[in-house]
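Coordinate inspection notes
This is what each chain is made of:
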Amino acid sequence: MEKLPLVALISGRGSNLKAIIDAADPLVEIRAVISNRPQAKGLLYAQQAGIANEVLDHTLFKSRIDFDTALQTRINYYQPKLLILAGFMRILSPKFVAHYQSRFINIHPSLLPAFRGLHTHKRVLESGMKEHGASVHFVTEDLDAGPVIIQARIPVLPNDNEESLAARVLQEEHRIYPQAIHWFAQGRLQLQGQRALLDGKPIILDKGNLQ
Ligand code: GRF
């Protein structure tokens, strides 16, 4: 089977990127890692693995559109068939998102559609939810609202704080992101309208039983 060429966008720590590198999926070729922040630690993981890596510093661009256009040019240079966000902390314009439609995925630290946006662990604790988790989803125009591909659920424990919860969610992220990418590389995943399909069938998410 032909390897899936992938480009990853990061902004920081890069632990999900590392998990994907470490998974060493024989069906996946990480062609490049691009960071919008020069100091992103994730760049080191790319360097250590001999993966092309670049910085495109958003602060040097006049507008969001200018940055997105330049980013698109750099991504397309590598001709990816899958674009992934791995802790990329910038909102991308609708035009950019449309360009990668159906081959663009993200990981988010919550059980979407619950807790879109930032500070999910804190908000989960404040809300008293008994369950939390992570979701890999197709990227669409609406932030953190694209169809979910896979989720991992974990219980919120009585003495959890933001750090302990974040750490357990992150462990699950590192498991489900490589899994979703593997399905995509196998040609089993599709975006159809507002639905994610696996093997041609809509993905039904486990509803959990702790709420
Ligand atoms: C993860 O929690 C991910 O779900 C979110 O940003 C964080 C990135 O962490 N989108 P890392 O850079 O992969 O370590």
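Residues numbered from 1 in each chain as written. Predicted model: local features only at pLDDT ≥ 70, side-chain atom pairs only at ≥ 80, totals over all residues. Heavy atoms only, no water.

**Side note on unusual backbone geometry**
In this model, Leu 112 is joined to Pro 113 through a cis peptide bond whose omega is 10 degrees. Positionally, Pro 113 belongs in the loop between strand 5 (104–108) and helix 5 (120–127). At Ala 24, a position not held by glycine, the phi torsion is positive, near 45 degrees. Mapped onto the elements of the fold, Ala 24 is located in the loop between helix 1 (15–23) and strand 2 (28–35). Among the residues examined, Ala 24 registers a relative accessible area of 54% and is labelled exposed. One non-glycine residue, His 119, adopts positive backbone phi at about 55 degrees. Inspection of the secondary structure assignment puts His 119 in the loop between strand 5 and helix 5. (Helix = DSSP H or I, 4+ residues; strand = E, 2+ residues; numbered from the N terminus. Buried < 20%, exposed > 50% of the residue type's maximum accessible area, 1.4 Å probe, protein only.)

**As for the site of the ligand**
The immediate surroundings of the ligand are formed by Arg 13, Gly 14, Ser 15, Asn 16, Gly 87, Ile 107, His 108, Pro 109 and Glu 173. In this structure, Arg 13 approaches the ligand through a side-chain N or O atom, which is 2.6 Å from an oxygen atom. In this structure, an oxygen atom belonging to the ligand sits 2.7 Å away from a side-chain N or O atom of Glu 173. Protein contact buries 86% of the 370 Å² of open area that the ligand shows by itself. Judged by its atoms lying within 2 Å of the grid points, the ligand is housed in the largest pocket. At the level of secondary structure, the elements contributing two or more residues to the shell around the ligand comprise helix 1 and strand 5. Looking at the shell around the ligand, its residues break down into two nonpolar, five polar and two charged. Mapping the shell around the ligand onto the domain boundaries places at least three of its residues in each of domain 1 (1–100) and domain 2 (108–137 + 146–211). (Near = heavy atom within 4 Å. Polar contact = N/O pair within 3.5 Å; in protein donor to acceptor, adjacent residues only side chain to side chain. Areas by Shrake-Rupley, 256 points an atom, 1.4 Å probe, with all protein chains shown as cover. 1 Å grid on protein atoms, 1.4 Å probe; cavity = no way out; pocket = protein on both sides within 12 Å on 5 of 7 lines; lining within 4 Å. Sits in = over half its atoms within 2 Å of the grid points. Nonpolar A, V, L, I, M, F, W, Y, C, P; charged D, E, K, R; others polar. Domains from an automatic or database assignment.)

**Side note on the sheet that holds strand 3 (residues 52–55)**
The seven strands are arranged 3-2-1-4-5-6-7 in an open sheet whose pairing can be described as mixed. Only two strands of the sheet have a single neighbouring strand rather than two, namely strand 3 and strand 7 (148–155). Recorded for the sheet is a direction-independent mean angle of 20 degrees between the axes of neighbouring strands. As paired strands, strand 1 (residues 4–10) and strand 2 are joined by seven bridges and run parallel to one another. Across the sheet, residue Ile 10 finds its bridge partner in strand 2, namely Ser 35. On top of the sheet, helix 1 reaches strand 1, strand 2, strand 4 (82–85) and strand 5; it is set at about 160 degrees to strand 2, its chief contact. (Pairing = 2+ DSSP bridges. Axes fitted to C-alpha atoms, helices over the stretch in contact; angles between N-to-C directions. Contact = heavy atoms within 4.5 Å.)

**Topic: empty space enclosed by the protein**
Within this structure, the stated rule accounts for one cavity of 30 Å³ or more. Lining the largest cavity are Ile 20, Ala 23, Asp 25, Val 28, Pro 178 and Ile 181. Taken together, the elements giving at least two residues each to the lining of the largest cavity come down to helix 1 and helix 6 (162–185). (Points joined across faces, edges and corners; volume = space filled by probe spheres on them.)

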